[in-house]
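Each chain, letter by letter, is given below.
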Amino acid sequence: MILESPPANPYNPPVPIVAHLLTALCAYLCGSIPTGFLVARAMGVDIRSQGSGNIGATNVFRILGKGPGIFVLLVDALKGALPVLFLPAWIGHVSNRDAIPFEMIAALGAVLGHNFTCWLQFKGGKGIATSAGVLAAMVPIPFLITLGGFLVTLALTRYVSLASILGAAILPFAVA
């Protein structure tokens, strides 16, 4: 008996590894834009030498105020959501079968880009806002549940770090 490979399906072609690598690279570059650093620099401040020294939205809130902080928060979230929403379709015309792995690759690339930005010697933010953008794109209903827990904790305690930890603890239950 001769084993034959199944016939190629012209409607569902295999996705080359180059498409996966290109997705990861594009997502990394999108995530690596140091929004907090750029906003603070435009205002004449080196955010890395102020407050916690972090370039993320929380430190921008502390040092520069609500307006710049909200802007950085929203842009950092978009850095996570946009690659997940658009790169899988843009790179290689991904079929439904491949959409989830491509979304996961884009999500990981964006968060790694934010946390280890190549523009600032691989020192970036903590990735909370970028991860929130990823989750909003990938699992919108569980994201809203998690966001609710985050906001309640933040309102009660005024600690972003505690609210982030609680949000991370709620997320798996919200997804399930």
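Since the structure is predicted, the reported quantities are computational estimates derived from the model, not experimental observations.

Engineer: Mind showing me how you'd approach the packing of helix α7 (residues 140-157) against helix α8 (residues 160-175) here?
Structural biologist: Two quantities define a packed helix pair, namely the angle between the helix axes and the distance between the axes. Taken N-terminus to C-terminus, the directions of α7 and α8 make an angle of 150°; their axes are 8 Å apart at the nearest point. Relative to α8, the element α7 is oriented roughly antiparallel. Along this stretch, α7 crosses α8, giving a crossing that reads as right-handed. Listed contacts from α8 to P142, I145, T146, G149, F150, T153, L154 and T157 of α7 are V160, L162, A163, S164, L166, G167, I170, L171, A174 and V175.

Engineer: In this structure, what is going on with a nonpolar patch on the surface? I would like to understand it.
Structural biologist: Taken together, the side chains of I141, L144, I145, L147 and L151 define a hydrophobic patch exposed on the protein surface, amounting to about 460 Å² of accessible area. Structurally, I145 is set in helix α7. Looking at I145, the relative accessible area reads 44%, which means it is partly exposed.

Engineer: Please explain the nonpolar core as it appears in this structure.
Structural biologist: For soluble globular proteins, nonpolar side chains are generally found buried alongside one another. Membership of the largest hydrophobic core is limited to twelve residues, which are A19, A27, A81, V84, L87, I91, F102, A106, A107, V111, V134 and A137. Every element with two or more residues in this core is listed here: α1 (17-31), α4 (66-90), α5 (96-115) and α6 (128-138). No other element matches α5, which puts four residues into this core. If sequence neighbours within four positions are ignored, A106 has contacts with T23, A27, P83, V84 and L87. Counting residues in hydrophobic clusters, the runner-up holds ten residues, among them F37, V39, A40 and A57.

Engineer: How should I be thinking about the pattern of salt bridges in this particular structure?
Structural biologist: Between side chains of opposite charge, a pair can form when the charged atoms approach closely. Tallied over the entire structure, the rule returns two salt bridges. Between K79 and D76 there is a salt bridge, and its shortest N-O distance comes to 3.2 Å. You can see K79 and its partner D76 sitting in helix α4, three residues apart, about one turn around the helix. Overall, K79 belongs to the buried group, its relative accessible area being 4%.

Engineer: Please clarify how the side chain of N115 should be interpreted in this entry.
Structural biologist: Considering the arrangement of structural elements, one finds N115 in helix α5. Owing to a relative accessible area of 18%, N115 belongs among the buried residues under this scheme. Beyond its immediate stretch of four places on either side in the chain, N115 contacts F122, K123, G124, G125, K126 and G127.

Engineer: Mind showing me how you'd approach the confidence of the model for the chain here?
Structural biologist: It should be kept in mind that the predicted coordinates are not to be read in detail where pLDDT is low. Scored by pLDDT, the chain has a mean of 89; 86% of the residues are at 70 or more. Across the chain, the element-wise mean pLDDT spans from 86 in α5 up to 97 in helix α2 (residues 35-42).

About the criteria used
Once a new chain begins, its residue numbering starts again from 1 and follows that chain's sequence as written. Given that the model is predicted, a residue must reach a pLDDT of at least 70 before its local features are reported, and side-chain atom pairs must reach 80 or more before they are shown or counted; all residues, however, enter totals for whole chains, interfaces and linings. Think of the side-chain values as coming from all heavy atoms in the structure, minus any hydrogens and water. Angles run from 0 to 180 degrees between N-to-C directions of axes, and those axes are lines fitted to C-alpha atoms, restricted for helices to the stretch in contact. Numbering goes from the N terminus for both helices and strands, where a helix is a DSSP run of H or I of at least four residues and a strand is a run of E of at least two. Orientation is classified from the angle alone, with under 35 degrees giving roughly parallel, over 145 giving roughly antiparallel, 65 to 115 giving roughly perpendicular, and any other angle giving oblique. In this scheme, a crossing is called left-handed if the near helix is turned counterclockwise away from the far one by less than a right angle; it is called right-handed if the turn is clockwise. The contact criterion used is simple: two residues touch if any of their non-hydrogen atoms lie within 4.5 Å. For patches, a residue must show more than 30% relative accessible area and have no salt bridge; joins then use 9 Å for like charges and 5 Å for nonpolar side chains, namely Val, Leu, Ile, Met, Phe, Trp and Tyr. Note on areas: these come from Shrake-Rupley sampling with a 1.4 Å probe, and a residue is covered only by the protein chains present in the view. Any carboxyl oxygen of Asp or Glu within 4 Å of a side-chain nitrogen of Lys or Arg constitutes a salt bridge here. For every residue, the accessible area (1.4 Å probe, protein chains only) is compared with the maximum for its type, and the residue is labelled buried under 20%, exposed over 50%, or partly exposed between those bounds. By convention a nonpolar core is built from buried Ala, Val, Leu, Ile, Met, Phe, Trp, Tyr and Cys residues, the set being connected through side-chain atoms within 4.5 Å. Note: pLDDT gives the predictor's confidence per residue, expressed from 0 to 100.

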